[in-house]
Amino acid sequence: MSNTPTPASTEAQPHMRRALGLTGLTFFGVTYMTVITVFTTYGIVNQVTGGKLPAAYIVAVVTMLFTAASYAAMVRRYPVAGSAYTYAQQSFGGAAGFLTGWVMLLDYLFIPMINFMLIGIYLNTQFPAIPVWAFTLAALLLVLVFNVLGITLVNKLNIAIIALSVVLVIVFMALAFKQYLGGDQAVGIIEPFTFGEGGIGAIASGAAILALSFLGFDAVSTLSEEAKNPRRDIPRAIILSTLVGGFFFILVAWAGALAFNPDWASMNQAQIDAAGTTVMDSFGASWFTSFFVAVYVAGAFGSGMTGQVSVSRILYAMGRDGMLPKPLSRLHRRFGTPIVAAVVVSTFALSALFVPFDVAAFMISFGALAAFAMVNLSVIRTYLFPKGGRTRPATAWEILRFGVIPLIGFALTIWLWTSLQPVTWIVGACWLVIGVGVIVIVTRGFRKPVPKMDFSEGDPTTQQIDALGDEFPLEGERG
């Protein structure tokens, strides 16, 4: 008797639902980045750059656009869940893929944690009788429920959160320019975009921290198995979310620099961490500070929600491949969501109750930049130096698109990566050592190959990709 599952039995298995189009995917990415995330690291980066936050964002956006183009190229080749983990795995082998996914877990695990932490801190300022941990725990549990219920509900909430964020940004910029035009205008209109006393080195250090603001396009790539047309819509959504998010980041940072430009070096740590409310208080309108807190909490909730959705998909992919425990690949039979992975992420996020905020921010940037570098290299390997060799010489366009552009993205990413603080490298190195230990355990001392996704003929994932290719063929595959 054949063990091949019948179509009916295959359909009965839980599976992710393809429910997102280009608009939903773009909203997901922008919500993940959340426009008001500018105020998450506002004080930290202004202190590092000497008040040149807009200049740091310019450098970060340029770097991220090159990397976003590489993500777009890779998701067309492998339109499945897993993001940088999958791309590095298929390009350089199971060990490289796992370590890329492992270091990327740093930013994805810390993103929800930071947002839950901020929700507790900001709500506590408005309701001091309720402890921070109560708000943090409530947000964590609510996000877990939304994650289990499915991506469609998350998508609807994203739209509402973006609308609130846009209203906040419009009012903030109106007040900022009103204050600037009505004041002594001590700051020149383009001065926030200059390098300042710290030079390009200080700007690079600030831009490296800001890498955490651009995880939205990586988050979009993790939804490849829940997109209606992944090869067409995921690449477009990646570029669009980077452009839209980057534009608003620069605009808000510029307006803030014109309206409020204190001596950041003289501020204490509490003022730096709460720089968002400090800026709002400078307008002298208490109602706006309250409005800011409300919208910021909503944005943090949306970012934490989309962050947990993304990391649970990455754990799902690693569990499915056998690199992490198999239960992580278990889907909810009714909602088709990775419920075990979601619970694991929520459990890790409980560390928001005791991990310092700045440490979490630096570790997010470390993991993000490491993953970005590997994705850029994966494009070069996959398209110009594929396994088995090329069947024809690369054209000039292919060399530019799949060689020069990702190489520039790689160089810029490494430049920012090396600009992070030394303590970040120490923690990151320890995390990598643990990752190598996981490989040793899984491969039984390297006696077995590192598990990886099987894209050979007959594999279900390959059949899925082939089906997508029939409808949306890759460049050069059209007849």
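- Looking at an unreviewed UniProt entry, one finds the protein named Amino acid/polyamine/organocation transporter (APC superfamily) and attributed to Leucobacter komagatae.
- UniProt, in the comment section headed Subcellular location (unreviewed entry), describes the protein in these words: "Membrane".

## Here we look at the overall build of the protein
So, step 1. Of the regular secondary structure elements, the protein holds 19 helices and zero strands.
So, step 2. The buried share among the 479 residues of the protein stands at 56%.
So, step 3. A separation threshold of at least 6 residues defines the contact pool for the protein, and within that pool the share at least 24 residues apart is 82%.
So, step 4. With an accessible surface of roughly 19300 Å², the protein has 67% of that area assigned to carbon and sulfur atoms.

## Focus on helix H16 (residues 357–383)
Each α-helix winds once per 3.6 residues, and so residues spaced three or four apart point in a common direction.
So, step 1. Taking 1.5 Å of rise per residue, 27 residues should cover 39 Å, and H16 covers 40 Å from first to last C-alpha, within 8% of that figure.
So, step 2. Within H16, 22 of the 27 residues are buried, which leaves it mostly tucked inside the rest of the structure.

## A look at the side chain of Thr382
So, step 1. By the secondary structure assignment, Thr382 is in helix H16.
So, step 2. Assessed through its relative accessible area of 12%, Thr382 is described here as buried.
So, step 3. Among the polar contacts listed, one links the side chain of Thr382 to the side chain of Ser91, at a separation of 2.7 Å.
So, step 4. Of note is the side chain of Thr382, whose polar atom sits 2.8 Å from the backbone oxygen of Ser378.

## A word on a nonpolar patch on the surface
So, step 1. On the surface, a nonpolar cluster with roughly 630 Å² of combined accessible area is contributed by Trp133, Leu137, Leu141, Leu350, Leu353 and Phe354.
So, step 2. Structurally, Leu350 is set in the loop between helix H15 (339–349) and H16.

## Considering the packing of aromatic side chains
So, step 1. Inspection of every chain in the model, using the stated rule, returns 26 aromatic pairs.
So, step 2. Judged by centre distance (5.4 Å) and plane angle (25°), the rings of Phe39 and Tyr42 are stacked.
So, step 3. Taken together, a centroid distance of 6.1 Å and an interplanar angle of 90° make the contact between Phe260 and Trp264 edge-to-face.
So, step 4. Classification of Phe260 as buried rests on a relative accessible area of 16%.
So, step 5. A connected cluster of aromatic rings, assembled from ring pairs, spans Phe39, Tyr42, Phe172, Phe260, Trp264, Phe283, Trp287, Phe288, Phe291, Phe292 and Tyr296.

## Digging into the packing of helix H7 (residues 132–149) against H15
So, step 1. Closest axis-to-axis distance for the H7/H15 pair is 10 Å, and the angle between their directions is 165°. With respect to their mutual orientation, H7 and H15 come out roughly antiparallel. Considering the relative orientation of H7 and H15, their crossing is right-handed. Counting all contacts with H7, which are made through Leu140, Leu144, Asn147 and Val148, the residues of H15 involved are Ile339, Ala342, Val343, Ser346 and Ala349.
So, step 2. Looking at the contact of H7 with H15 residue by residue, the classes come out as seven nonpolar, two polar and no charged.

## Some details on the nonpolar core
So, step 1. Residues Phe39, Tyr57, Tyr71, Leu105, Phe172, Phe214 and Leu369 are the most contacted members of the largest nonpolar core, which totals 137 residues.
So, step 2. Among the elements that make up this core, the one with the highest residue count is helix H6 (residues 94–126) (18 residues).

## Here we look at unusual backbone geometry
So, step 1. Even without being glycine, Arg444 reaches a positive phi, approximately 55°.
So, step 2. Here Arg444 is to be found in the loop between helix H18 (422–442) and helix H19 (460–471).

## Describing the packing of H6 against H18
So, step 1. It is the contact of H6 with H18, at a shortest axis distance of 10 Å, that shows an interaxial angle of 135°. The pairing of H6 with H18 is recorded here as oblique in orientation. Where H6 crosses over H18, the two elements pack in a sense that is right-handed. Taken together, the residues of H18 that come into contact with H6 (itself represented by Ala95, Phe98, Leu99, Trp102, Val103, Leu105, Leu106 and Leu109) are Trp431, Leu432, Ile434, Gly435, Val436, Val438 and Ile439.

## Description of the pattern of salt bridges
Side chains that differ in sign of charge can pair as their charged atoms come close.
So, step 1. On inspection of all chains with the given rule, the structure shows three salt bridges.
So, step 2. In this structure, Lys52 engages Glu191 in a salt bridge whose closest nitrogen and oxygen atoms are separated by 3.6 Å. Within this pair, whereas Lys52 is found in the loop between helix H3 (42–49) and helix H4 (53–77), its partner Glu191 is found in the loop between helix H8 (151–182) and helix H9 (199–209), the two being separated by 139 residues in sequence.
So, step 3. For Lys52, a relative accessible area of 10% puts it in the buried group.
So, step 4. The class for Glu191 is partly exposed, based on a relative accessible area of 31%.
So, step 5. Between Asp233 and Arg232 there is a salt bridge, and its shortest N-O distance comes to 2.9 Å.
So, step 6. Among the residues examined, Asp233 registers a relative accessible area of 3% and is labelled buried.

## Some details on H4
So, step 1. Over its 25 residues, H4 runs 36 Å from end to end, which matches the ideal 36 Å to within 8%, given 1.5 Å per residue.
So, step 2. For H4, a buried count of 20 out of 25 residues is recorded, marking the element as mostly surrounded by other parts of the structure.

## Notes on the side chain of Ser378
So, step 1. Take Ser378: it is sitting in helix H16.
So, step 2. Polar contacts involving the side chain of Ser378 include one to the main-chain carbonyl oxygen of Met374, which spans 2.7 Å.

## Thoughts on the environment of Thr67
So, step 1. Topologically, Thr67 is positioned in helix H4.
So, step 2. For Thr67, a relative accessible area of 0% gives the class buried.
So, step 3. On a C-alpha basis, the gap between Thr67 and Ile239 in space is 9.6 Å, while along the polypeptide they are 172 residues apart.

## Quick notes on the confidence of the model for the protein
So, step 1. Residue-level pLDDT values for the protein average 79, and 86% of them are 70 or greater.
So, step 2. At the level of individual helices and strands, the protein shows its lowest average pLDDT in helix H1 (residues 7–12), which scores 46, and its highest in helix H17 (residues 396–417), which scores 93.
So, step 3. This model gives residues 453–466 a pLDDT under 50, and the stretch forms 25 contacts once residues within four places in sequence are excluded.

## Details of the environment of Ala298
So, step 1. Looking at the element boundaries, Ala298 is found in helix H14 (residues 286–321).
So, step 2. With 134 residues separating them along the chain, Ala298 and Leu164 place their C-alpha atoms 8.2 Å apart.

## A look at the environment of Pro386
So, step 1. Secondary-structure assignment places Pro386 in the loop between H16 and H17.
So, step 2. A residue is classified by how much of its surface remains accessible, and Pro386, at 26% relative accessible area, is partly exposed.
So, step 3. Between the C-alpha atom of Pro386 and that of Ser91, which follows or precedes it by 295 residues, the distance is 7.8 Å.

Cut-off values and rules
Residues numbered from 1 in each chain as written. Predicted model: local features only at pLDDT ≥ 70, side-chain atom pairs only at ≥ 80, totals over all residues. Heavy atoms only, no water. UniProt positions renumbered as here; feature names shortened; annotations may be inferred. Helix = DSSP H or I, 4+ residues; strand = E, 2+ residues; numbered from the N terminus. Buried < 20%, exposed > 50% of the residue type's maximum accessible area, 1.4 Å probe, protein only. Contact = heavy atoms within 4.5 Å. Areas by Shrake-Rupley, 256 points an atom, 1.4 Å probe, with all protein chains shown as cover. Expected span 1.5 Å × (residues − 1). Polar contact = N/O pair within 3.5 Å; in protein donor to acceptor, adjacent residues only side chain to side chain. Patch = residues over 30% accessible without salt bridge, like charges linked within 9 Å, V, L, I, M, F, W, Y side chains within 5 Å. Salt bridge = Lys/Arg side-chain N within 4 Å of Asp/Glu carboxyl O. Phe/Tyr/Trp six-rings, centres within 6.5 Å; stacked < 30°, edge-to-face > 60°. Axes fitted to C-alpha atoms, helices over the stretch in contact; angles between N-to-C directions. Parallel < 35°, antiparallel > 145°, perpendicular 65-115°, else oblique. Left-handed = near helix turned anticlockwise from the far one by under 90°. Nonpolar A, V, L, I, M, F, W, Y, C, P; charged D, E, K, R; others polar. Core = buried A, V, L, I, M, F, W, Y, C linked by side-chain atoms within 4.5 Å. pLDDT = per-residue confidence, 0-100.

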